[in-house]
Amino acid sequence: MKMDTLNIVKDQIKESINVKQMLLANEETLSQIVKAAEVCTQAYLNGYKCLFAGNGGSAADAQHLAGELVSKFHFDRPAVSGIALTTDTSIMTAIGNDYGFEYLFSRQVEAHGQRGDVFIGISTSGNSQNVVKAIEKCKEIGITTIALVGANPCKMDCCDVVIKVPSVETPRIQECQTLIGHIICCIVEENIFGHLKKKL
């Protein structure tokens, strides 16, 4: 039993490494990651913000990445605005009750978003209806959209920047989405505040 359990541990780690190696080898996806970081950097330099949304584990990722921006990633520096649309239970239950679960994020985009902002939608399937509706609202307003999704074709492929993890397995997609989010936060922080690293 112990050996079987150990093999599960090793297999899970190997599978995670394999997907990350495929990600590393995919120049198109890497270029989309760079593009996403540049879009976010420019938004912040112009005085705008990033909005994040997702469901379940992706909701946790949305909150995680917003936290990396508002607090810090690698080093002390001034805060930038990152808002996870997954945190206010009163707002979410009001929208769910009054309009329906599919409008959970689009209503908040309408309230908080403005032209020049960036919306980052996180979904393993890329078909989460409430995230898709938020993307539609972003396009109406003029908010740049970034999708973090899995390998399959999906509704979120309509985003301005689409970052596809080379896997169709939910755990592997989520692991890579966290890595990709960290990379974006790292680049944004370095682009805007790198010159302050030794001064703060």
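Please read these numbers as outputs of a predicted model, since none were measured by experiment.

Visitor: Account for the sheet that holds strand E2 (residues 82–84), naming residues and giving values.
Guide: Spatial ordering of the open sheet is given by E2-E1-E3-E4-E5, a layout of five strands whose pairing is parallel. Across the chains shown, the open sheet's two edge strands, defined by having one partner strand only, are E2 and strand E5 (161–164). Each neighbouring strand pair of the sheet contributes to a mean axis angle of 15°, computed without reference to strand direction. Judged from the five bridges that link them, strand E3 (residues 118–122) and strand E4 (residues 144–149) form a sheet pairing that is parallel. Bridge pairing in E4 places Val 118 opposite Thr 144. Contacts from helix H3 (residues 57–70) reach strand E1 (50–53), E2 and E3 within the one sheet, and its direction differs from that of E2 by about 160°. The strands touched by helix H6 (residues 129–141) are E3 and E4; relative to E3, the strand with the most contacts, the crossing angle is about 165°.

Visitor: Report on the pairing of E4, specifying residues and quantitative values.
Guide: Among the six residues that make up E4, five are buried, leaving the element largely enclosed by the rest of the structure. Summarising the sheet, E4 and E5 pair through four bridges and their orientation is parallel. If you follow Ile 146 over to E5, its bridge partner there is Val 161.

Visitor: Outline H6, listing residues and values.
Guide: Taking 1.5 Å as the rise per residue, H6 with 13 residues should run 18 Å; its terminal C-alpha atoms sit 19 Å apart, in good agreement. Here H6 has its buried residues at Asn 130, Val 131, Val 132, Ala 134, Ile 135, Lys 137 and Cys 138. Packing partners of the buried residues in H6 comprise helix H5 (106–112), E3 and E4.

Visitor: Before we move on, can you summarise the pairing of E1 with the specific residues and values?
Guide: Of the two faces of E1, the one lined by Cys 50 and Phe 52 and the one lined by Leu 51 and Ala 53 are each fully buried. Direction of pairing for E1 relative to E2: parallel, over a ladder of three bridges. Each residue of the ladder has a partner; that of Phe 52, found in E2, is Ala 84. Taking the sense of rotation as the criterion, the β-α-β connection linking E1, H3 and E2 turns out right-handed.

Visitor: Describe in detail the packing of helix H2 (residues 27–45) against helix H7 (residues 170–193), supporting the description with residues and values.
Guide: H7 packs onto H2 with a crossing angle of 45° between their chain directions and a minimal axis gap of 9 Å. By the angle between their directions, the pair H2 and H7 is classed as oblique. The two elements H2 and H7 cross, and the hand of that crossing is right-handed. Each of Ile 33, Ala 36, Ala 37, Cys 40, Thr 41, Tyr 44 and Leu 45 in H2 lies in contact with H7, whose residues at this interface are Ile 180, Ile 183, Ile 184, Ile 187, Val 188, Asn 191 and Ile 192. Its residues assigned to classes, the contact of H2 with H7 shows twelve nonpolar, two polar and no charged.

Visitor: Summarise the nonpolar core; cite the residues concerned and give the values.
Guide: In this structure, Cys 40, Phe 52, Ile 120, Ile 146, Ile 163, Ile 180 and Ile 184 are the most contacted members of the largest nonpolar core, which totals 34 residues. For this core, the secondary-structure elements that each account for two or more residues are helix H1 (2–25), H2, E1, H3, E3, E4, E5 and H7. A per-element tally of this core places H7 first, with eight residues. Look past the residues within four positions of Phe 52 in its chain and what remains in contact with it is Ala 62, Leu 65, Ala 66, Leu 69, Gly 82, Ile 83, Ala 84, Leu 85 and Ile 120. Judged by nonpolar contacts, the second largest core, of 21 residues, contains Phe 105, Phe 119, Ile 143 and Cys 154.

About the criteria used
Within any chain, residue numbers begin from 1 and follow the written order of that chain's sequence. Residue-level local features of this predicted model are given only where pLDDT is at least 70; pairs of side-chain atoms are given and counted only at 80 or more, and the full residue set underlies all totals for whole chains, interfaces and linings. Side-chain metrics in this entry use all non-hydrogen atoms of the structure; hydrogen atoms and water are not considered. Paired strands are those between which DSSP finds at least two bridges. Where helices and strands are cited, they refer to DSSP runs of H or I of at least four residues and of E of at least two residues respectively, numbered from the N terminus. Every axis in this analysis is a line fitted to C-alpha atoms, fitted for helices over the stretch in contact. Angles between the N-to-C directions lie between 0 and 180 degrees. Note on contacts: a residue pair is in contact if any heavy atoms of the two residues lie within 4.5 Å. A 1.4 Å probe rolled over the protein chains alone gives each residue an accessible area, and that area as a share of the maximum for its type sets the label: buried under 20%, exposed over 50%, partly exposed in between. Take the residue count of a helix, subtract one, and multiply by 1.5 Å to get its expected span. The crossover handedness rule: strands pointing away from the viewer, path from first strand over the helix to second strand clockwise, crossover right-handed. An angle below 35 degrees is treated as roughly parallel, one above 145 as roughly antiparallel, one from 65 to 115 as roughly perpendicular, and anything else as oblique. If you view the pair so one helix is near and one far, a crossing is left-handed when the near helix is turned anticlockwise from the far one by less than a right angle, and right-handed when it is turned clockwise. Three residue categories are used. Nonpolar comprises Ala, Val, Leu, Ile, Met, Phe, Trp, Tyr, Cys and Pro, charged comprises Asp, Glu, Lys and Arg, and polar comprises the others, including Gly. The criterion is simple. A nonpolar core is a set of buried Ala, Val, Leu, Ile, Met, Phe, Trp, Tyr and Cys residues joined through side-chain atoms within 4.5 Å.

So yeah, pure geometry; function would need other evidence.
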